[in-house]
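Spelled out from the first residue to the last, the chains are:
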Amino acid sequence: MPPGISTLAADAPELSAANTGFMLICSALVMLMTPGLAFFYGGMVRVKSTLNMLMMSFISLGIVTILWVLYGFSMAFGTDIGSVVGWSADYVGLSGIGVNELWDPTTIPVFVFAVFQLMFAIITPALISGALADRVKFTAWALFIALWVTVVYFPVAHWVWGSGGWLFEMGVIDFAGGTAVHINAGAAALGVILVIGKRIGFKKDPMRPHSLPLVMLGAALLWFGWFGFNAGSWLGNDDGVGAVMFVNTQVATGAAVLAWLIYEKIRHGAFTTLGAASGAVAGLVAITPAGGSVSPLGAIAVGAIAGLVCAMAVGLKYRFGYDDSLDVVGVHLVGGVIGSLLVGFFATGGVQSDAKGLFYGGGVDQLTKQAVGVVAVLAYSLVVSGLLALVIHKTMGMRVDEDDEISGIDQVEHAETAYDFSGAGGGASSRKAVPAPAETAVAAAESKKVDA
Amino acid sequence: MKLITAVVKPHRLDEIKEALQAFGVHGLTVTEASGYGRQRGHTEVYRGAEYTVDLVPKIRIEVLVEDEDAEQLVEVIVKAARTGKIGDGKVWSVPVDTAVRVRTGERGPDAL
């Protein structure tokens, strides 16, 4: 997290009503991204596990909020201990923070900074859930979130953004979370799925998205909320940097949508809705670390490269046989790596800092720093997340029973059904094809079982 | 009596209904169905993964008629359902032993 404004030594920063109001709005925007993500993922799974997918994101709003207040903010942004984690007794329970106390060196209260950062801590574990679709016990997932933010997210946020954090002090540029959020979540997803294994029927059964309009709605909410995520990460608007970030967020995302669509039109013959939505997210991910250091033309390059490479990367799971169900690795890990490394090429030296990338005469200095940041977060998150999943898997078990996974996780974990297809009132105009008579009898029997 | 069953393309429903009404048929039953014949299904692509969708949406129309109308009515339905492209569907008729109008208890052709 960058310093907000430069002040003369004699001037103590004063609370800025404009910046404070702006940051509260940004916090609300980032909050909206988590339900947006839930819809994005929820539309991509099959009907029988829609609610579980929504809930895996939504529960993070509960769990992480409480942990953040109790000790998370202190671990991430308290006084540095050994460059790896923070701790400040005043931040425990957010109880020793003055109402007017400003987050040094910005012009916003500590409370505002804490709630803004809370929204980041909420969405990061939610991002992981997309790789775990259809098959993870809800209690195991809830426990995983609590352990994961404690052991992985809070420390990594400190490394990257905390004053004294080792990547922060090294000069790694991560404007809004390319490493701490996206590489972190993507690598964690990979670690967990390597432990828990594939969905039953992966690569054999058709697993097409049950509602692309829901996916599109989710992508739109993410895109909208991401302006708060990105532009808000400058923590104020006393210079033009937040505005540049806002512009670059839009530019890179537009470029990534086009790149993904063009690639799949050439490669697979159609412009798909899912491709457009995925391209948008890939572009948003990639510009997240980079948008404060590149020009708008640079943002086009970042977005286009991310859209293209992520579109290619989502096919890797079929080649290597890991079930990254909704492509958290292919979009967030790959997109985060691309964005973080491209800072080392496209940083102009004229926006958030004077660090120049390779294409602007800065040599490989910044690129090397970026690579260290990428590798450190990726490796730490991959290994520790895998170990956490292993411990839970060997004790309480991460996965639901085979029968329950096949019949649908919604019923066993949530005792609900996402959609009522009973069609009272009849009519021949439903979008959903009703099965042939023999199958109708089976469906009726199933619905009876639910009602019982 | 005969039961005529037609499994046809959903977008032909309106034409078939109009043709049947013009012929003097008073009632019919329509259900959504899915299936395939010689045309098989189609291919969909999601993030590069191709899915073959075997079962395509169809509607199933059922009409009860008197024996002497059956042959002609099959022709009426076939004419209204035809687009000339693959996947137009099938129409067939089978004999029916009994039909009862639930409200009045009328039986046989009177129940139609």
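Structure report, in brief. (Residues numbered from 1 in each chain as written. Chains lettered and ligands numbered in written order. Predicted model: local features only at pLDDT ≥ 70, side-chain atom pairs only at ≥ 80, totals over all residues.)

**Observations concerning the overall build of chain B**
Along the backbone of chain B there are two helices and six strands. N-terminal to C-terminal, the α/β element order of chain B is β-α-β-β-β-β-α-β. The C-alpha atoms of chain B give a radius of gyration of 17 Å, which is well past the 13 Å a tight globule of 112 residues would have. Looking at chain B residue by residue over its 112 residues, the buried ones come to 21%. Sequence-distant contacts in chain B: of pairs separated by 6 or more residues, those separated by 24 or more amount to 70%. (Helix = DSSP H or I, 4+ residues; strand = E, 2+ residues; numbered from the N terminus. Rg over C-alpha atoms; globule rule 2.2 N^0.38 Å. Buried ≥ 20, exposed ≤ 12 C-beta atoms within 10 Å, placed from the backbone. Contact = placed C-beta atoms within 7 Å.)

**Quick look at the interface of chain B and chain A**
Every contact between the two is made by 16 residues of chain B and, on the other side, 19 residues of chain A. Listed by contribution, the elements that provide at least two residues to the side of chain B that touches chain A are β2 (29-35), β3 (42-46), β4 (49-53) and β5 (56-65) of chain B. By residue class, the composition of the side of chain B that touches chain A is nine nonpolar, four polar and three charged. (Nonpolar A, V, L, I, M, F, W, Y, C, P; charged D, E, K, R; others polar.)

**What to know about the sheet that holds strand β6 (residues 89-95) of chain B**
Residues and elements named next belong to chain B. Strand order in the open sheet made by the four strands is β2-β5-β1-β6, with antiparallel pairing throughout. Edge positions in the sheet fall to β2 and β6, since each has one partner strand and no second. Across the sheet, the mean angle separating the axes of adjacent strands is 20° when strand polarity is ignored. As paired strands, β2 and β5 are joined by seven bridges and run antiparallel to one another. Each bridged residue has a counterpart across the sheet, and for G35 the counterpart in β5 is V56. Packing of helix α2 (residues 67-81) onto the sheet brings it into contact with β1 (2-8), β5 and β6, and relative to β1 it is tilted by some 10°. (Pairing = 2+ DSSP bridges. Axes fitted to C-alpha atoms, helices over the stretch in contact; angles between N-to-C directions.)

**Regarding the nonpolar core**
All names here are of chain A. Formed by 152 residues in total, the largest nonpolar core has its most connected members in A189, L222, A256, A286, V302 and A306. A total of 15 residues in this core trace back to one element, the largest contributor, which is helix α3 (residues 110-128). With sequence-adjacent residues up to four places away left out, L222 is seen in contact with M33, G36, L37, F40, V281 and L284. (Core = buried A, V, L, I, M, F, W, Y, C linked by C-beta atoms within 7 Å.)

**Points about the environment of D365 of chain A**
Residue and element names in this part refer to chain A. Summarising the element assignment, D365 is placed in helix α13 (residues 365-395). Here D365 falls in the partly exposed class, since 14 other C-beta atoms lie within 10 Å of it. Once the C-alpha coordinates of D365 and G344 are considered, the two residues, 21 residues apart in sequence, prove to be 7.8 Å apart.

**Section: unusual backbone geometry**
Excluding glycine, residues mostly have negative phi values, and the peptide bonds linking residues are mostly trans. The step from D104 of chain A to P105 of chain A runs through a cis peptide bond, and the omega angle for that step is 0°. Relative to the helices and strands, P105 of chain A is located in the loop between β2 (85-86) and α3. Not every positive phi belongs to a glycine, and L235 of chain A is a case in point at roughly 65°. With respect to the helices and strands, L235 of chain A occurs in the loop between α7 (212-231) and α8 (241-268). Unlike most non-glycine residues, R47 of chain B shows phi in positive territory, near 45°. Within the secondary structure, R47 of chain B is located in the loop between β3 and β4.

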